[in-house]
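Structure assessment
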Amino acid sequence: MNLIEDKKERIVRAAIDVLCSKGIEKTKVSDIVKGAGIAQGTFYLYFPSKLAVMPSIAEIMVNKILDALQNTVHLDAPIEVQLKSFIETVFQLHHEDRDQLALLYAGLASSEYLKEWESIYAPYYSWVTALLDAAQSNGWIREKLNTARTARLVIGAIESAAEQVFLFGQADEAEIEEQAEVVYAFVAHALGIKVL
């Protein structure tokens, strides 16, 4: 990592910490630069405002999701096992990172940066599309599905199910498990997988 990437990453990491602890409204750029250990002018070399950091935070979160999925979803396993691992991983990350995700959704929704969501999610969409392409080639899912469009719907369904139990409510273990089972059955049915 070069010096420029290091400074930008320090800014983004500090922004995550400060924004999560103080909230979007109460956070000032001066709070972020103090946390990053840089001069305020340096911040403005990378970002025109505190909300301009949101797409970079989203990229970190998407990369974290992708890394976790690549480590937990075994591509040589049957699609049923892959889908269950996918759901379990996304639920786990939403549980661990609920504060950052709530911050991210609020920050992107309250700024002009929401339009960047699709490009930030592109690697995630591509990974799930490739997963579905392989499943389709193996005859594990419906052959007439448009895998690229379906990948977006699968991600949306799984993330929305995780958000419902971790971001919007105080769910207990039984409710979390039931939500995971319901989203599995829903996505498996949509893909044409026989539910085990």
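Everything numeric here is computed off the predicted structure, so don't read it as measured data.

**Concerning the environment of K50**
- With respect to the helices and strands, the residue K50 is situated in the loop between α3 (40-46) and α4 (54-72).
- In this structure K50 comes out as buried when scored by relative accessible area, which is 19%.
- Between the C-alpha atoms of K50 and S30, which are 20 residues apart in sequence, the distance is 9.7 Å.
- Not counting residues within four places of it along the chain, the set of residues in contact with K50 comprises I24, E25, T27, V29, I32 and F43.
- One polar contact links the side chain of K50 to the main-chain carbonyl oxygen of T27, over a distance of 2.7 Å.

**What about empty space enclosed by the protein?**
- The final tally for this structure, using the stated rule, is three cavities of 30 Å³ or more.
- Estimates place the volume of the largest cavity at around 50 Å³.
- Taken together, A58, M61, V62, I65, H94, L101, L104, Y105, W117, Y121 and E159 make up the full set of residues lining the largest cavity.
- Elements represented by at least two residues in the lining of the largest cavity include exactly α4, α6 (98-109) and α7 (117-137).
- Sort the elements by how many residues they give to the lining of the largest cavity and α4 lands first, with four residues.
- Partitioned by chemical class, the residues of the lining of the largest cavity number nine nonpolar, one polar and one charged.

**So, the packing of helix α5 (residues 79-96) against α7**
- Between α5 and α7, whose axes approach to 11 Å, the crossing angle comes to 160°. By the angle class used here, α5 and α7 are roughly antiparallel. Helix-helix and strand crossings are classified by hand; for α5 and α7 the assignment is left-handed. Residues I79, Q82, F86 and V90 of α5 form the contact with α7, whose participating residues are Y124, V128, L131 and A135.

**Looking at the nonpolar core**
- By size, the foremost hydrophobic cluster in this structure holds 66 residues, and its most contacted members are F43, I57, F86, F91, Y124 and I158.
- Of all the elements in the fold, those that place two or more residues in this core are α1 (3-22), α2 (29-36), α4, α5, α6, α7, α8 (147-166) and α9 (173-191).
- Aside from chain neighbours lying at most four places away, what touches F91 is I158, A161, A162, V165, F166, I176, Q179, A180 and V183.

**Points about the packing of aromatic side chains**
- Going through the model one piece at a time under the given rule, you end up with seven aromatic pairs.
- For the ring pair F86 and W127, a centre distance of 6.3 Å and an interplane angle of 80° mean the geometry is edge-to-face. You can see F86 sitting in helix α5 and its partner W127 sitting in helix α7, a full 41 residues away along the chain.
- For F86, a relative accessible area of 1% translates into the label buried.
- Residues Y121 and Y124 carry aromatic rings whose centres are separated by 5.3 Å and whose planes lie at 50° to one another, so their mutual orientation is tilted.

**Some remarks on the environment of A134**
- Topologically, A134 is positioned in helix α7.
- Each C-alpha atom, one on A134 and one on A77, is 11 Å from the other, the two residues being 57 residues apart in sequence.

Here is what the cut-offs are and how they apply
- Residues numbered from 1 in each chain as written.
- Predicted model: local features only at pLDDT ≥ 70, side-chain atom pairs only at ≥ 80, totals over all residues.
- Heavy atoms only, no water.
- Helix = DSSP H or I, 4+ residues; strand = E, 2+ residues; numbered from the N terminus.
- Buried < 20%, exposed > 50% of the residue type's maximum accessible area, 1.4 Å probe, protein only.
- Contact = heavy atoms within 4.5 Å.
- Polar contact = N/O pair within 3.5 Å; in protein donor to acceptor, adjacent residues only side chain to side chain.
- 1 Å grid on protein atoms, 1.4 Å probe; cavity = no way out; pocket = protein on both sides within 12 Å on 5 of 7 lines; lining within 4 Å.
- Points joined across faces, edges and corners; volume = space filled by probe spheres on them.
- Nonpolar A, V, L, I, M, F, W, Y, C, P; charged D, E, K, R; others polar.
- Axes fitted to C-alpha atoms, helices over the stretch in contact; angles between N-to-C directions.
- Parallel < 35°, antiparallel > 145°, perpendicular 65-115°, else oblique.
- Left-handed = near helix turned anticlockwise from the far one by under 90°.
- Core = buried A, V, L, I, M, F, W, Y, C linked by side-chain atoms within 4.5 Å.
- Phe/Tyr/Trp six-rings, centres within 6.5 Å; stacked < 30°, edge-to-face > 60°.

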